Amino acid sequence: MRKQIRKDINLVVCPKNKRHTDIIVCAASCEDRRYCKEYRRKISNEILLDFIEKHPKYKLVGELMPTGKTVKKDENIYLVVSEDNQVEEVPEKEIMGNPQKYLKKQIWLKPPFHYELVVSLKRIKD
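The model shown is predicted, which means the values in this text are computed figures rather than measured ones.

Student: Where do I start with the side chain of Lys110 in this structure?
Tutor: With respect to the secondary-structure elements, Lys110 resides in the loop between strand 6 (106–109) and strand 7 (113–123). Among the polar contacts listed, one links the side chain of Lys110 to the side chain of Glu89, at a separation of 3.1 Å.

Following this line, the structure appears as structure tokens:
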């Protein structure tokens with residue numbers, strides 16, 4: 001006889017331990033949220049906020065996770081800030097080829113990584 005699994009929209013199979021768990025339990029205990037496809041597909045802000053209202057011992061925390069490099073090694077991209085605080089991405093070749101245009105502006109090297117915010121649950125210690 002086969003075991004019947006209840007039909008619950010929050011029930012997922014954890015890719016790491018291959019067990020059926022509630023997505024909220026997965027959100028609170030998972031260390032690999034950055035790579036977990038099920039976590040990214042199922043977790044929404046509304047689900048987490050609803051859980052926090054029902055369980056005041058938990059809070060939302062955010063983590064900045066690098067998603068990948070934004071520039072290649074051989075090309076440098078700069079952020080040029082104009083007088084009206086508009087930021088523009090400009091390659092190094094354009095700045096070197098037309099320096100008079102960028103003379104009085106702030107020039108910053110663009111960081112090589114792109115980050116995204118991953119929201120998860122954390123239990124508040126008493």
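Student: Could you clarify how one ought to interpret the pairing of strand 4 (residues 77–81) in this entry?
Tutor: Consecutive side chains of a regular strand alternate in pointing toward one face of the sheet and then the other. When you tally the buried positions in strand 4, you get four out of five residues, the bulk of the element. Two elements, strand 4 and strand 5 (residues 87–91), share five bridges in a ladder whose sense is antiparallel. Its bridge partner lying in strand 5, Val80 is registered against Glu88. Connecting the antiparallel pair strand 4 and strand 5 is a turn made up of five residues, with Asn85 showing a positive phi of about 60 degrees. In the sheet, strand 4 pairs with strand 6 via four bridges, with the strands oriented antiparallel. When the sheet's bridge partners are listed, Val80 is paired in strand 6 with Ile107.

Student: Honestly, helix 3 (residues 45–54) in this entry has me stumped. Any pointers?
Tutor: The periodicity of an α-helix, 3.6 residues per turn, causes residues three or four places apart in sequence to face the same way. Along helix 3, the residues classified as buried are Leu48, Phe51 and Ile52. Seen end-on, helix 3 carries its buried residues on one side only, within an arc spanning 100 degrees. Exposed and facing more than 90 degrees away from the buried side of helix 3 are Glu46, Glu53 and Lys54.

Student: It is not clear to me how the sheet that holds strand 4 should be interpreted in this structure. Could you clarify?
Tutor: Note: strands within a sheet are paired through backbone hydrogen bonds, in either parallel or antiparallel orientation. Pairing is antiparallel across the open sheet formed by three strands, whose spatial order is 5-4-6. Here the strands that pair on one side only, and so sit at the sheet edges, are strand 5 and strand 6. Shown here is a sheet whose adjacent strand axes are inclined to one another by a mean of 30 degrees, direction ignored.

Student: I would appreciate a short explanation of the side chain of Ser82 in the present structure.
Tutor: Among the secondary structure elements, Ser82 is positioned in the loop between strand 4 and strand 5. Of note is the side chain of Ser82, whose polar atom sits 2.5 Å from the side chain of Asp84.

Cut-offs applied
Sequence positions are assigned chain by chain, starting from 1 and proceeding in written order. Side-chain atom pairs in this predicted model are given and counted only at pLDDT of 80 or more, local residue features only at pLDDT of at least 70, and totals for whole chains, interfaces and linings cover all residues. Hydrogen atoms and water are omitted, and side-chain values are computed over all heavy atoms in the structure. Here a strand is any run of E in DSSP of at least two residues, a helix any run of H or I of at least four, and the numbering for each starts at the N terminus. Here a polar contact is recorded for every N or O atom pair within 3.5 Å, except that within protein the pair must consist of a potential hydrogen donor and a potential acceptor, and residues adjacent in sequence are included only if both atoms are side-chain atoms. Accessible area is worked out with a 1.4 Å probe on protein chains only. A residue is then buried under 20% of its type maximum, exposed over 50%, and partly exposed in between. Two strands qualify as a pair provided DSSP detects at least 2 bridges between them. Of all possible arcs, the one meant is that of the directions from the helix axis to the C-beta atoms. In this analysis, axes come from line fits to C-alpha atoms, helices being fitted only over the stretch in contact, and the angle between any two N-to-C directions falls in the range 0 to 180 degrees.

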